[in-house]
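Reading the structure
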Amino acid sequence: MTLYVLRRLAIGLVLAVLVTFITYLLLSPSFDDIVVSKLGPTGATPEAVAAVKTDLGLDRPIVVQYLDWLGGVLHGDFGISYFTSQPVGDAVASRLAVTLSIVLVALAISVVVSVTLGVLAAYRGGAVDRIVQSVSLIGHLVPSLLIAIAFVYIFAVKLGWLPATGYTPLSEDPVGWLKSITIPVIALVIGGIANLSAQIRGAMIDELHKDYVRTLRTRGIGTRSIVLKHVLRNAAGPALTVLSLEFLTMLGGALIIESVFALPGYGQFAFTSSLQGDIPVIMGITLFGTLLVVGVNLLTDLVNGWLNPKARVL
Amino acid sequence: MTEVGVLDAEVAPEPAPAPGPGRRSPWRRLLQDPQAIVTLVVLVAYVVLGLLADVIASHGPNEASLQAYNAPFGTDGHPLGADSSGRDILSRLLHSINTSLVSGLIGAGVALLVGVTFGLIGGYYGPRLRSGTEWVFALIQTFPGLLLLIVLMPITKGDYRFTMLIFGFLLAPGVYRITRNQVLGVKNELYVDAARVSGLTDRRILGRHILMAVRGPVIIAAAFMFGTAIAVQSGLAFLGVGNNQVPSFGAMISEGFKNLYSEPMQFVWPSLALGILTAALVLLGNSLRDALQGARRKPAKIAAPVVAPGAAVGSASPAGADDAGAVLVVEDLAIAYPTPSGELREVVDGVSLRLGPGETLGLVGESGSGKTQTAFATLGVLPPEAVVTRGSIRLEGREVLGLSERELRTLRGRSIAYVPQEPMSNLNPSFTVGAQLVEGVRASTDVSRAEARERVMALLTRVGIPDPERTFRSYPHQISGGMAQRVLIAGAVASRPKVLIADEPTTALDVTVQAEILDLLRDLQSELGMAVLLVTHNFGVVADICDRIAVMQEGRVVETGETTEIFTAPQHPYTRMLLGAILDEETVRTDGPAAVAVPLGTDA
């Protein structure tokens, strides 16, 4: 088991290195433009550009530049922003905290609601099933961007119940924090439930049609045990894969939500840094984003392995 | 912002059913679906409006005029008004359509091209090449999605076409996986083998036969990806990623959002246009899915069999009058299933059976004759769509039809039990053999966990499992098919049922194991005094262990009698035909039925 975890971890790290390297490679043709825009239109004489490039180490071969960056990362040094001189690690971490606090709360709510709805819809049918199908359809039909704006308009502008924009850190004011994330979370939850509940319903139905369900019934075992223990356990694998993808989808959705609600999150940070061409920050953002993906995938595989005895033999 | 369609198709990979002869083609079905027609019309309208953008609008999309500043709806020359820069809203909307459609075409096109190509290669050629393609797509999936598109702004320079090109690669893994799975599913089909044997090149086979087989799920995924690409492009434009000279719904929504309180219509127009476009694509994707893969699955209710309202259910004669000496009586049982047109079609039509204590009755007939449906009805585990339209099933004198699932549960295990056909699929793969058996014992008796465990261990020994301790701790995939069938028999007899329903208990097993399992059933039967209803199509099995036989054809019992009688003097032509089918096998029938040396694997 330990060997398996280590192997998966190694694969994940290799992927993360490749992703950041490819990103660096893709960015490299624009380094000249970035330096020019940093110097401003008047100051960008060829000599000044060359001097700044030497100063930033951008005149070295790409691979050397990348390895230099990677070496720093391995020592916990993510570089310093070209524009704010802030250490990249701190800056990225604080933005990520905002985004994750919204995404994780939204994901938790989506999971609880979706599992309940999906399971009920799969083995009871009837009204619950119709609700799940309609919620899923509506959630897919309306772009999440429009849902978010509609919520701001109704709850913040018209009703004035909640702040329309801005973020209050949890450590400062828990109630204020809750208020500031409520609408963004709801906007994400709608899309989340639309996706997850339909998928969990489908996975449960697939599993309920299996032969062993009938055999368990013929032994006098109760419906509750069959559905919640036997079937849910087997449906959890496919559902978990969907959940991990949903987490990543929500991270993407959060980028837009942050913009609507003016939250100082990861997406906003990525946007402004990319506009400026702040290479160390862009690389830091890419690295943390990639590590999130790798981490979520690893976690999914591990839990799947734990759920599925066939994958457990190692 | 979702990749719904792609995920959908991936998690529940339902193979597209090949349209059989006489069935309408999927495209005909699509054109008879009003939802598909409406959405197609909407999409065509968008395309036409986009193409005619310069003709319809009298202004350019970026043409700003000071006079038109925030012009209201219906202003002369600006039918939908103008925005805060004095640009014509109608013109911007029409040109935004083109931006969206081009985004969808590039995003979905690249994803399809990359995903399908590598999916075909990865699926068709050997595992070594496949592990290469798997790596590449694992790598693509590790890129942090939308974030990458933002981060690469310095290099895309905000050109949405370049951005969508990259996004197409990010969407490709979903298509790759769908294609690869489909190819793995069909590449060993006989028609592909035939093509290979007849000397077609791999390229031809891939291009013609395999691509045809995988096109259904891929077309569905394409519709959803088209919508996803449009949504992502709008989202990015809303954020401000992109050239502000390119009119797009996202940019218009963003501007409208800034003026939401003063000029709400500037927000409403692009939102409506984008909302209708993406909704049409999602609905079209759903219609395509229904047409190409069949209707979506209905919930699988766990409930007692449905009895048709007003059906004559229950004993026709005074309660159990003729039940003397029978543990199980089935009388005039009829079971129907709804057809696509909504009518009920009977698959079991008036079946009557009697099973005395300790007796073994063989229920014989070809596939589709209704024997398994009859067996499921006695256990109360018919599929949720089935409807009992008339008849009576009495277990130890008690009417079973009409009982609730809860009431049935008290009978199952103790009074009636079941041995299935396919041993592996009838064990839950996620729980140990022991845990599953213990739960069954505890559900049908009042013993403690420790007692139940003891009883299960004894049972496992009794059914001939060499190392019961180890089997108890094993997961189903760790034991052989023969062992699994012994485990299922142990589970069935655990609470000493009066009636055992065995549905083709040996069909899925090796020939050598079949005889052992039949011996075990016979021994257990005499030991426990159970009555056995043995469903089979194998006359060898029948001759081996049944006292009496009931022959079923097309939902009816056509002949019932002692095994010896039926073997020596079959009355019904169908019975004669079934018996004739096994006698083709050069086997000798000289000493009467007990000695009929029919190979056990022979199917009648």
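Residues numbered from 1 in each chain as written. Chains lettered and ligands numbered in written order. Predicted model: local features only at pLDDT ≥ 70, side-chain atom pairs only at ≥ 80, totals over all residues. Heavy atoms only, no water.

The subject of this paragraph is the overall build of chain A. Scanning chain A for helices and strands turns up 13 helices and zero strands. Along its sequence from the N terminus, chain A presents helices and strands in the succession α-α-α-α-α-α-α-α-α-α-α-α-α. Along the first, second and third principal axes, the C-alpha atoms of chain A reach 85 × 60 × 35 Å. Relative to its 314 residues, chain A shows a buried fraction of 52%. Put simply, 73% of the contacts in chain A that link residues at least 6 apart link residues at least 24 apart. Accessible surface, chain A: about 13,300 Å² in total, of which carbon and sulfur atoms supply 69%. Of the charged side chains in chain A, 20 are positive and 18 negative, and the gap between their average positions amounts to 22 Å. (Helix = DSSP H or I, 4+ residues; strand = E, 2+ residues; numbered from the N terminus. Buried < 20%, exposed > 50% of the residue type's maximum accessible area, 1.4 Å probe, protein only. Contact = heavy atoms within 4.5 Å. Areas by Shrake-Rupley, 256 points an atom, 1.4 Å probe, with all protein chains shown as cover. Lys, Arg positive; Asp, Glu negative; His and termini not counted. Charge placed at Lys NZ, Arg CZ, Asp CG, Glu CD.)

Each domain of chain B was delimited in the assignment, giving domain 1 (34-58 + 88-295) and domain 2 (311-566). Centre-to-centre, using C-alpha coordinates, domain 1 of chain B lies 51 Å away from domain 2 of chain B. (Domains from an automatic or database assignment.)

Across the contact, 83 residues belong to chain B and 83 residues belong to chain A. In total, about 7,500 Å² of surface goes out of reach between chain B and chain A, with carbon and sulfur atoms giving 69% of it. On the surface where chain B and chain A come into contact, there are 17 residue pairs in polar contact (both at pLDDT 80 or more). If you tally residues by element for the side of chain B that touches chain A, the top one is helix α13 (residues 265-293) of chain B, at nine residues. (Buried area = accessible area lost by both parts, 1.4 Å probe. Polar contact = N/O pair within 3.5 Å; in protein donor to acceptor, adjacent residues only side chain to side chain.)

The next thing to look at is the packing of aromatic side chains. Across all of its chains, the model carries 12 aromatic pairs over all chains by this definition. With centroids separated by 6.1 Å and ring planes inclined at 45°, the aromatic side chains of Phe238 of chain B and Phe257 of chain B adopt a geometry described as tilted. You can see Phe238 of chain B sitting in helix α11 (residues 202-239) and its partner Phe257 of chain B sitting in helix α12 (residues 249-258), a full 19 residues away along the chain. Through pairs of rings, three or more aromatic residues link up here, namely Phe21, Tyr24, Phe31, Tyr66 and Trp69 of chain A. Sitting over the face of the ring of Trp306 of chain A, Arg233 of chain A holds its NZ or CZ atom 5.8 Å from the ring centroid. Note that Arg453 of chain B overlies the ring of Phe472 of chain B, its terminal NZ or CZ placed 4.4 Å from the centroid. (Phe/Tyr/Trp six-rings, centres within 6.5 Å; stacked < 30°, edge-to-face > 60°. Lys NZ or Arg CZ within 6 Å of the ring centre and 35° of its normal.)

Given a rise of 1.5 Å per residue, 16 residues ought to cover 22 Å, and the 22 Å separating the end C-alpha atoms of helix α6 (residues 127-142) of chain B matches this to within 8%. For α6 of chain B, the full list of buried residues reads Arg130, Thr133, Phe137, Leu139, Ile140 and Thr142 of chain B. Packing partners of the buried residues in α6 of chain B comprise α1 (2-27) and α12 (279-307) of chain A together with α5 (89-124) and α9 (160-186) of chain B. (Expected span 1.5 Å × (residues − 1).)

Moving on, we come to the nonpolar core. The biggest cluster of nonpolar side chains holds 151 residues, and the ones touching the most others in it are Ile149, Val260 and Ile285 of chain A together with Ile210 of chain B. Per element, the largest residue contribution to this core is 16 residues, and it comes from α11 of chain B. In this structure, Val260 of chain A is in contact with Leu145, Ala148, Ile149, Val152 and Thr165 of chain A together with Phe238 and Phe257 of chain B, ignoring residues within four places of it in sequence. Within the second largest apolar cluster, 51 residues are counted, among which are Leu427, Val438, Leu460 and Ile479 of chain B. (Core = buried A, V, L, I, M, F, W, Y, C linked by side-chain atoms within 4.5 Å.)

The next point concerns unusual backbone geometry. Residues and elements named next belong to chain B. Notably, Glu396 is not glycine yet its phi reads approximately 50°, a positive angle. Note on placement: Glu396 falls in the loop between β5 (387-395) and β6 (398-399). If you check the backbone angles, Arg496 has positive phi at about 50° while not being a glycine. Here Arg496 shows up in the loop between α19 (481-493) and β8 (499-503).

Residues and elements named next belong to chain B. When you line up the elements, Gln373 lands in helix α14 (residues 371-379). Separated by 2.6 Å, the side chains of Gln373 and Tyr337 make a polar contact. With residues near it in sequence (within four places) discarded, Gln373 still touches Ile335, Tyr337, Val347, Val348, Leu382 and Pro383.

Quick look at the sheet that holds strand β9 (residues 531-536) of chain B now. Residues and elements named next belong to chain B. A sheet is described by the order of its strands in space; here six strands give the open sequence β7-β8-β9-β4-β10-β11, paired in mixed fashion. If you trace the sheet from one side to the other, it starts and ends with β7 (416-419) and β11 (556-562), each paired once. On average, adjacent strands in this sheet sit at an angle of 20° to one another, irrespective of strand direction. Two strands pair when backbone bridges link them, and strand β4 (residues 360-364) and strand β10 (residues 548-553) are joined in this way by four bridges, in the parallel orientation. The residue of β10 that forms the bridge with Leu363 is Ala550. Of the strands in this sheet, β7 and β8 are in contact with α19, which crosses β7 at around 175°. (Pairing = 2+ DSSP bridges. Axes fitted to C-alpha atoms, helices over the stretch in contact; angles between N-to-C directions.)

Our focus in this paragraph is α11 of chain B. Residues and elements named next belong to chain B. In this model, α11 (38 residues) spans only 47 Å end to end at C-alpha, well below the 56 Å of a helix rising 1.5 Å per residue. Its axis deflected by about 50° at Leu211, α11 carries its strongest bend there. Of all 38 residues that make up α11, 27 are buried, and the element is covered over most of its length. (Bend = angle between axes of the 7 residues up to and from the residue.)

Residues and elements named next belong to chain B. The topology assignment puts Lys371 in helix α14. On the accessibility criterion, Lys371 (4% relative accessible area) is buried. Residues in contact with Lys371, not counting those within four places in the same chain, are Leu363, Val364, Gly365, Glu366, Glu504, Val535, Thr536, His537 and Met552. At a separation of 3.1 Å, a polar atom in the side chain of Lys371 contacts the main-chain carbonyl oxygen of Gly365.

With that settled, the discussion passes to the pairing of β8 of chain B. Residue and element names in this part refer to chain B. Counting buried positions along β8 gives five out of five residues, so the element sits mostly inside the fold. Burial along β8 is two-sided: Val499, Ile501 and Asp503 and Leu500 and Ala502, pointing in opposite directions, are all buried. Where β7 lies against β8, four bridges are found, and the strand directions are parallel. From the neighbouring strand, Tyr418 faces β8, where its bridge partner is Ile501. Inspection of the sheet shows β8 paired to β9 by five bridges, in the parallel sense. Bridge assignment links Ile501 to a residue of β9, and that residue is Leu533. Traced from β8 through helix α20 (residues 511-528) to β9, the parallel crossover comes out right-handed. (Right-handed = clockwise from strand over helix to strand, strands pointing away.)

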